[in-house]
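If you want the building blocks of each chain, they are given just below.
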Amino acid sequence: MIVLARGLAMPDYMGFLLELCEPVGRTREAVEAGDLLRIDYHSPYLQLVCQDVERVVEEARKRKLRVYKGKKHVTITDGIYRARIIIISG
């Protein structure tokens, strides 16, 4: 298990998300605060942004993870842990 902050973790097999993406939003705030968090961070999903979303989706499918594509984000899940990748149009 990869622990990012108090109450914020993901399984090892989803670690590729941290290699290919950066935390944003509330996830980033929790990681930066680290041990200073007074309570456990309980977001329904990790918020990430990636340079190459298609590469991340391809890697998730190789690992048999579920991938849901929307207009503004892509959600990758194993049924328990969820990561939401925000799509930045550019």
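For the structure itself, consult the block above.
The structure displayed is predicted, hence computed values, not measured ones.

Rules used in this analysis
Residues numbered from 1 in each chain as written. Predicted model: local features only at pLDDT ≥ 70, side-chain atom pairs only at ≥ 80, totals over all residues. Heavy atoms only, no water. Salt bridge = Lys/Arg side-chain N within 4 Å of Asp/Glu carboxyl O. Helix = DSSP H or I, 4+ residues; strand = E, 2+ residues; numbered from the N terminus. Buried < 20%, exposed > 50% of the residue type's maximum accessible area, 1.4 Å probe, protein only. Pairing = 2+ DSSP bridges. Disulfide = S-S within 2.5 Å. Axes fitted to C-alpha atoms, helices over the stretch in contact; angles between N-to-C directions. Contact = heavy atoms within 4.5 Å.

**Looking at the pattern of salt bridges**
Taken as a whole and judged by the stated rule, the model has five salt bridges. Here Glu32 and Arg28 are joined by a salt bridge, their closest N and O atoms 3.0 Å apart. Taken together, the residues span about one helical turn, with Glu32 and Arg28 both in helix α2 (residues 25–33) at a distance of four residues. For Glu54, the salt bridge identified is with Lys69, shortest N-O distance 3.5 Å. With Glu54 in helix α3 (residues 53–62) and Lys69 in strand β5 (residues 66–69), the pair connects residues that are 15 residues apart, well separated along the chain.

**Quick notes on the pairing of strand β7 (residues 82–86)**
On β7, burial follows the alternation: Ala83 and Ile85 on one face are buried, whereas Arg82, Arg84 and Ile86 on the facing-out side are not. Here strand β4 (residues 46–50) runs beside β7; their pairing, made up of four bridges, is parallel. Residue pairing for β7: Leu48 is matched across the bridge by Ile85. For strand β6 (residues 73–77) and β7, the ladder comprises five bridges, and the chain directions are antiparallel. Bridge assignment links His73 to a residue of β7, and that residue is Ile86.

**Some details on the state of the cysteines**
Per the counting criterion, the structure on display carries one disulfide. Between the sulfur atoms of Cys21 and its disulfide mate Cys50 the distance is 1.8 Å. Its torsion about the S-S bond being 85°, the disulfide of Cys21 and Cys50 is classed as right-handed. On the criterion of sequence distance, the pair formed by Cys21 in strand β3 (residues 21–23) and Cys50 in strand β4 is long-range, its members being 29 residues apart. The pair formed by Cys21 and Cys50 is uniform in burial state, with each residue classed as buried.

**As for the sheet that holds β3**
An order of β3-β4-β7-β6-β5 is seen for the five strands of this open sheet, with the pairing classed as mixed. What marks the edges here is a single partner per strand, and that holds for β3 and β5. Each adjacent strand pair in this sheet contributes to an overall mean axis angle of 30°, direction not counted. Here α2 sits on the sheet in contact with β3 and β4, set at roughly 105° to β4. Packed on one face of the sheet, α3 meets β3, β4, β5, β6 and β7 and runs near 145° to β5.

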